[in-house]
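# Secondary and tertiary structure notes
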Amino acid sequence: MTELVTPGPAAPGPAAPGPATADPTAAGGYTAGRHRPRRLRRTTAMRRLVAQTRLHPADLVLPAFVREGLTGPREITSMPGVQQHTRDSLRRAAAEAAQAGVGGIMLFGIPQVRDAVGSQATDPQGVLNVAIADVVAEVGDALVVQADLCLDEFTDHGHCGVLTPAGTVDNDATLDRYARMAVAQADAGAHLVGLSGMMDGQTGVVRDALDAAGHTDVSVLAYAAKYASAFYGPFREAVESQLSGDRRTYQMDAANRREALREVAIDVDEGADVVMVKPAMSYLDVLADVAATSSVPVWAYQVSGEYAMIEAAAANGWITRRGAITESVLSITRAGADAVLTYWATELAGWLAEER
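Residues numbered from 1 in each chain as written. Predicted model: local features only at pLDDT ≥ 70, side-chain atom pairs only at ≥ 80, totals over all residues. Heavy atoms only, no water.

## Section: the packing of aromatic side chains
We count it as follows: Any Phe, Tyr or Trp ring, taking Trp's six-membered ring, that has another such ring centre within 6.5 Å forms a pair; planes under 30 degrees apart are called stacked, those over 60 apart edge-to-face, and the others tilted. In this description a helix means any DSSP run of H or I spanning at least four residues, a strand means any run of E spanning at least two, and both kinds are numbered starting from the N terminus. Relative accessibility thresholds used throughout: buried, under 20% of the residue-type maximum; exposed, over 50%; partly exposed, between the two (1.4 Å probe, protein chains only). Here, over-ring charges are defined by two tests on the NZ atom of lysine or the CZ atom of arginine: distance to the ring centre within 6 Å, and angle to the ring normal within 35 degrees.
As enumerated under the stated definition, the model contains eight aromatic pairs in all. Relative to Tyr343, the ring of Phe65 lies with its centre 6.1 Å away and its plane at 15°, an arrangement referred to as stacked. One end of the pair, Phe65, is in strand S1 (residues 60-67); the other, Tyr343, is in the loop between strand S10 (339-341) and helix H11 (345-355), and 278 residues separate them in sequence. In this structure Phe65 comes out as buried when scored by relative accessible area, which is 0%. Between Phe108 and Phe235, the ring centres sit 5.3 Å apart and the planes meet at 80°, which makes this aromatic pair edge-to-face. Note that Phe108 is positioned in strand S4 (residues 104-110) and Phe235 in helix H6 (residues 233-238), a separation of 127 residues in sequence. One exposure class covers both Phe108 and Phe235, and it is buried. The aromatic ring of Tyr232 is capped on one face by Lys226, whose charged end is 5.9 Å from the ring centroid.

Encoded structure:
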């Protein structure tokens, strides 16, 4: 009998040629593989969705100048678009900022009469104190109304404090003037006082003076890391500074980074509610250090020289104005600032609203 045998699977033979595998080196080509970060940059919507840093109008503070005796706003030549305000034009600027959603306004006063101790700074009818009351009456709590607490705009020598007979700044005599100035600003209605003089002990003295006067709810912003900078030039035109010489004995040395952390720690210990790094763009490393360690909000001031450089370059067609402004403020925020003082605050807030 013949046995029937069912054939099994054929023995494997040579594999049939398949599709050619791409050779990354063929013809000079390259395959990126799985890692393609550009996927998250493809569209405006995608870039917006994955953005790690965002600008918001509420994070912006508008610095504004009010000058006693003006009959109309006066342009500041080194800061195109920025003015010395009258009381009326300041009210309008504050209202415009509030309407745009800006977070706050920082006021600087320019008196007609100055003296050695900055008497107008503590006069209830002084230009800055009157301006504080005007702006609070205009915008109420729609903006955080802030006041610069420093004597430089009010002294006939342009320094931030009282001078000794030898012509140096007397730290402790200056603290007494700051304490009186803080109370005058709080009496006028300031929500926050900005201590920009860089005197040792200023935060504690001002905090104690405010509390003793019943202004326990007024916040203290300490310009904790304020550097002696070449970028303040246009500001000195804006406030018609009388300064001869420099402020290197009390403002920080641009060479020093770690020292900023010491200054911040002292001010926080003395009761600062917020700390400041100034200038901003040239000190982003310092800002990042402070933001990484501070237990209170950290702000940064995009100063007059930084503003003027961008405006000048844009006016010459060397950079795109809107893009450069936005990128510059974004860089400050990215470095760690919780809020940015910038002369473009209202304009930038308008652009951000358009983009939304």
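## Remarks on the pairing of strand S6 (residues 192-195)
Operational definition: Classification remark: right-handed applies to a crossover when, strands pointing away from the viewer, the course from the first strand over the helix to the second runs clockwise. Strands are treated as partners if at least two bridges between them are detected by DSSP.
Residues of S6 alternate between two faces, with Leu192 and Gly194 on one and Val193 and Leu195 on the opposite face, all of them buried. The parallel pair strand S5 (residues 144-149) and S6 is bridged by helix H4 (residues 171-188), and the resulting crossover is right-handed. Note that S6 and strand S7 (residues 219-226) share four bridges and pair parallel. Across the sheet, Leu195 pairs through a bridge with Ala222, a residue of S7. For the handedness criterion, the β-α-β arrangement of S6, helix H5 (residues 202-212) and S7 is classed as right-handed.

## A few points about the pairing of strand S9 (residues 298-301)
Residues Val298 and Ala300 line one face of S9 and the alternating positions Trp299 and Tyr301 line the opposite face, and both faces are buried. Direction of pairing for strand S8 (residues 274-278) relative to S9: parallel, over a ladder of three bridges. The residue bridging Val277 from the neighbouring strand is Ala300, located in S9. Where S9 lies against S10, three bridges are found, and the strand directions are parallel. Note that in S10 the partner of Trp299 across the bridge is Ala339.

## Some remarks on the packing of helix H10 (residues 321-334) against H11
Test applied: For helices, the fitted line uses only the C-alpha atoms of the stretch in contact; every axis is such a line through C-alpha atoms, and the angle between N-to-C directions lies from 0 to 180 degrees. For classification purposes, angles smaller than 35 degrees are called roughly parallel, those larger than 145 roughly antiparallel, those between 65 and 115 roughly perpendicular, and all remaining angles oblique. Only heavy atoms matter for contacts: two residues are in contact if any of them lie within 4.5 Å across the pair. Asp, Glu, Lys and Arg are counted as charged, while Ala, Val, Leu, Ile, Met, Phe, Trp, Tyr, Cys and Pro are counted as nonpolar; the rest, among them Gly, fall into the polar class.
Two numbers describe how H10 lies on H11: the axes approach to 11 Å, and their chain directions differ by 95°. In terms of axis orientation, H10 runs roughly perpendicular to H11. Contacts between H10 and H11 pair Arg321, Arg322, Ile325, Thr326 and Val329 from the former with Glu347, Leu348, Trp351, Glu354 and Glu355 from the latter. Counted by class, the contact of H10 with H11 contains four nonpolar, one polar and five charged residues.

## A closer look at H10
Short version of the rule: An expected span of 1.5 Å times one less than the residue number is assigned to each helix.
Between its first and last C-alpha atoms H10 spans 20 Å; for 14 residues at 1.5 Å apiece the expected length is 20 Å, and the two agree. Those residues of H10 that are buried are in contact with S1, helix H8 (284-293), S9, helix H9 (304-315), S10 and H11. Looking one or two places after H10, you find Gly336, whose phi comes out positive at around 130°.

## A look at unusual backbone geometry
The omega torsion across Lys278 and Pro279 is -5°, close enough to zero to call that bond cis. For Pro279, the position within the fold is in the loop between S8 and H8. The backbone of Glu240 sits at a positive phi, close to 55°, despite the residue not being glycine. Mapped onto the elements, Glu240 comes out in the loop between H6 and helix H7 (258-269). Judged by its relative accessible area of 23%, Glu240 is partly exposed.

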